[in-house]
Amino acid sequence: MKRDMVLRVVAKLLIPFILLFAIYVQFHGDFGPGGGFQAGVILAAAMVFYAMIYGLDNARRVLPDWLVESMLAAGVLLYLGVGFAGLLLGGNFLDYFVLDRDPVAGQHRGVFWIELGVAITVCGVMLKIFYLFAARGQDEA
Amino acid sequence: MSLFSHFDYWVMIFLAMAGLFIVIARGNLIKKLVGLGIFQTSVYLLYLAPGKIVGGTAPIIDAAFKVYSNPLPHVLILTAIVVGVATLALGLALVVRIREAYGTIEEDELLRHEAPDAGGESRP
Amino acid sequence: MSVAAHLPALQVVLPLAAAPLAVLLRNRTAAFALVLAATWAAFAISVLMWQQVAASGPLSYALGSWPPPWGIEYRVDALSALVLMLVSGVAAVVLPYCRASIEREIRRDNHYLFYAMFALCLSGLLGIAITGDAFNLFVFLEISSLSSYVLIALGRDRRALLAAYQYLIMGTIGATFIVIGVGLLYLMTGTLNLADMSVRLQSVTSHRPVLAALAFLTVGISLKLALFPLHQWLPNAYAYAPSAVSAFLAATATKVSVYALLRFYFSVFGEGAVFKQLPMAEFMLVLALAGMFVASAVAIFQDNLKRLFAYSSVAQIGYIVLGISFDSVTGLTATVVHLVNHAVTKGALFLLLGAVMAAMGGVTLARVRGIGRVMPRTTFGIVLCGLSLIGVPGTAGFVSKWYLILAAMEKGQWWLVFLIVLSSLLAVAYVWRFVEAAYFRAPRADLAQVREAPLALALPAWLMVGATVWFGLDTSVTVGSAARAAAMLLGAVP
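On a predicted model such as this, the values are computed, not experimentally measured, just so you know.

Q: Please clarify how the overall build of chain B should be interpreted in this entry.
A: If you tally the helices and strands in chain B, you get 5 helices and 0 strands. Relative to its full complement of 124 residues, chain B shows a buried share of 23%. For chain B, the share of sequence-separated contacts (at least 6 apart) that also reach a separation of at least 24 residues comes to 45%.

Q: I would appreciate a short explanation of the pairing of strand 2 (residues 73-76) of chain C in the present structure.
A: Side-chain positions along a regular strand alternate between the two faces of the sheet. Residue and element names in this part refer to chain C. Residue alternation in strand 2 divides its side chains into two sets, E73 and R75 and Y74 and V76, and both sets are buried. Of the strand pairs in this sheet, strand 1 (residues 59-62) and strand 2 are connected by 4 bridges, and their pairing is antiparallel. Paired with S60 across the bridge in strand 2 is R75.

Q: Sorry if this is basic, but what is going on with helix 6 (residues 159-189) of chain C here?
A: Residues and elements named next belong to chain C. Relative to the 45 Å expected for 31 residues at 1.5 Å per residue, helix 6 spans 44 Å between its end C-alpha atoms, a close match to the ideal helical length. For helix 6, a buried count of 30 out of 31 residues is recorded, marking the element as mostly surrounded by other parts of the structure. With its phi angle positive at about 75°, G190 sits one or two positions after the end of helix 6.

Q: What exactly am I supposed to notice about the packing of helix 9 (residues 233-240) of chain C against helix 13 (residues 305-326) of chain C here?
A: Any two packed helices are characterised by the angle at which their axes cross and by the distance between the axes. Residue and element names in this part refer to chain C. At a minimum axis distance of 8 Å, the contact between helix 9 and helix 13 shows a crossing angle of 140°. In terms of axis orientation, helix 9 runs oblique to helix 13. Every pair of crossing elements has a handedness; the one defined by helix 9 and helix 13 is right-handed. In this structure, helix 9 uses L234, P235, Y238 and A239 to contact helix 13, whose residues at the interface are K306, R307, A310, Y311, S313 and V314. Counted by class, the contact of helix 9 with helix 13 contains 7 nonpolar, 1 polar and 2 charged residues.

Q: Explanation requested: the nonpolar core in the structure shown.
A: Here is a general trend for soluble globular proteins: nonpolar side chains tend to be buried in one another's company. Formed by 278 residues in total, the largest nonpolar core has its most connected members in A22, V35, A116, F118, A119, I152 and A164 of chain C. Not counting residues within four places of it along the chain, the set of residues in contact with F118 of chain C comprises V35, L95, C98 and L151 of chain C.

Q: I would appreciate a short explanation of helix 19 (residues 455-473) of chain C in the present structure.
A: Residues three or four positions apart in an α-helix share a direction because the helix packs 3.6 residues into each turn. The end-to-end C-alpha separation of helix 19 of chain C is 26 Å, in line with the 27 Å expected for 19 residues at 1.5 Å each. For helix 19 of chain C, the set of buried residues is L457, A458, P460, A461, L463, M464, V465, A467, T468, F471 and G472 of chain C.

Q: It is not clear to me how the interface of chain A and chain B should be interpreted in this structure. Could you clarify?
A: How big an interface is tends to be stated in terms of the accessible area lost upon association of its parts. Between chain A and chain B, the contact holds 4 residues from the first and 4 residues from the second. Looking at the side of chain A that touches chain B, its residues break down into 3 nonpolar, no polar and 1 charged.

Q: Got a minute to help me understand the environment of G181 of chain C in this structure?
A: Residue and element names in this part refer to chain C. Relative to the helices and strands, G181 is located in helix 6. You can call G181 buried: it has 24 C-beta atoms within 10 Å. In this structure the C-alpha to C-alpha distance between G181 and L214, which are 33 residues apart in sequence, comes to 6.6 Å. Ignoring sequence-local partners within four residues, the contact set of G181 consists of A213, F216, L217 and G220.

Q: Mind showing me how you'd approach the packing of helix 1 (residues 7-25) of chain C against helix 2 (residues 28-56) of chain C here?
A: Residue and element names in this part refer to chain C. Running from N to C, helix 1 and helix 2 cross one another at 175°; their axes reach a closest spacing of 9 Å. Classed by the angle they form, the pair helix 1 and helix 2 counts as roughly antiparallel. When helix 1 is examined against helix 2, the residues L7, P8, L10, Q11, L14, P15, A18, L21, A22 and L25 are found in contact with a partner set consisting of A30, A31, L34, V35, A38, T39, A41, A42, I45, S46, L48 and M49. Here the contact of helix 1 with helix 2 is built from residues that sort into 19 nonpolar, 3 polar and no charged.

Criteria and thresholds
Residues numbered from 1 in each chain as written. Chains lettered and ligands numbered in written order. Predicted model: local features only at pLDDT ≥ 70, side-chain atom pairs only at ≥ 80, totals over all residues. Helix = DSSP H or I, 4+ residues; strand = E, 2+ residues; numbered from the N terminus. Buried ≥ 20, exposed ≤ 12 C-beta atoms within 10 Å, placed from the backbone. Contact = placed C-beta atoms within 7 Å. Pairing = 2+ DSSP bridges. Expected span 1.5 Å × (residues − 1). Axes fitted to C-alpha atoms, helices over the stretch in contact; angles between N-to-C directions. Parallel < 35°, antiparallel > 145°, perpendicular 65-115°, else oblique. Left-handed = near helix turned anticlockwise from the far one by under 90°. Nonpolar A, V, L, I, M, F, W, Y, C, P; charged D, E, K, R; others polar. Core = buried A, V, L, I, M, F, W, Y, C linked by C-beta atoms within 7 Å.

What follows is the structure in structure tokens.
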């Protein structure tokens, strides 16, 4: 598909909007359906789309393997970090009430970072799975 | 009619049985995973259907609404979906590796390759 | 912030945090050091909590400060404290062994991922034992199961892949049955907190969904704990997994499932509902006896030692379930004691077999002929563990069989005493097969250059063997905790 002019142009046009939509879903999770899980998948979908049109090697140049693997771990760590922040501020583990002077704002703040962690991990996992399956037979051979 | 008042459970039972049947009856390792996926999906329905209350709205407190649907099943099932995705991905990865090691993903051929009780050492 | 108040959360979170950190480090030495630190810390925490529970009763921890039953509660009582200590203790011994053991069995650039998976599996198993929330229990069950499928698939033999796939299918069906059971309970009671669930079940008037939930949970957990005849996944999984993984899973995975079964039977449904109104005791008695005899008999005819002792595990699970079926304090004490004793014995056995595997390249009976001469200490260790499986006085196995027999006599079932002793004779037969090959057969010609196991493998293995003998002589820790746990489950003390 690398040579197809139409696909290449359409991909270039679409991918920024897919990324934008992912960010919208991420932040709109506060007020409506959405959140880190969906946003992470949409982000990964943009990347998979890019890899399908421009080839896996180019995709790996944009987001190298080590970065994807680190994303997968970093998101979980961010999640756990929020948990430990609750501990350090005098609450229980994963306590959002203590993250702000106003408990409701604290809940808001906690969920914000949690969702960010979820988005990073989900995106990392999706891409890792895609890379592993797509690269099968290329690396080993 | 009581049969139809519980039709969501009938759908759930049908899906669960169909999925479980595929897992047991099919010899192809990928088809087994598909069956497993259907089986797991049927459980989502078991949780989600009773969570919906007729006339209920999203559980955001507002003076205009009296009846709210239960949001907890959705949260639980979101978790279960993630588990299902992870299981499917891991299962497929194993199938890819099995294909590379044995050259087939049909159960009967695999069993012929490795008599399960041979117990000896095969090649590493 | 005082650390002591947050021990229940840290118990699970430390190994859980070690896993992604190990992935971030991408270095096998650093990952090993990190996971080792987390595992030892988890063991220290579990010992501290065990002391606290023994001194002042159950601990409760509200995650996110949402009070139970609304939030997820971590609850440590006499039984879970013991299981936590067992799981983290076995992990603390097995992990140092891993480093030397996987060197030969797994590609070096994958080692950091192995440690991450080990940490995940550990935190999943600890989570099952500590959580007081039914759905949370399912999530932790899947965390530990998914990581154990990966760990098994890392085995050197290509049959490890098939074993892992088979385990994945069976394990997922089991886990899905458990979710269905939990879902039905949630529909009937409107709560997921186990303690709250048990209170609300009293006022549930329509019994059929509750019965269905009990059935689904029984079958699902029985799949996970490899109760005969649902044990098909276990022998292959243990036989072809990397040695260290066999030892860790054999010692912990099925034991934690037994814990889940006890938790649902006694803390949620209640002893009366399960054993007085339903013929569950007879049902479990039959399956336990079938497991004890059939699996032991199958074990006698195995040629691969890892498979042989895997079948023996199925038989030993029979003893554990037999204790439950008595529905008495002595019976449950036997169950919990045997849970610990069998875990230690099988852990030691698989660690020693791993050392044999490393030295000889395989563990079939044909290959280990004459091993008693070249690896005398390792062979002696295996024989000691074998004696514990049989139940010879002075080993851990004797203590648990003694309590089983006591429980049978309490009920006046002398024929059961006879059957327990008879099934031990089958254990003599399969242990004898190893003894015969190791000591009474001429060694193979190429055994001359085989050396005794290196210290890195021998030390952890002998720690476990030492525990096997220790728990046979000094029973204050095991029987003391088990009796407390049994009394708690039957409602004598909170």
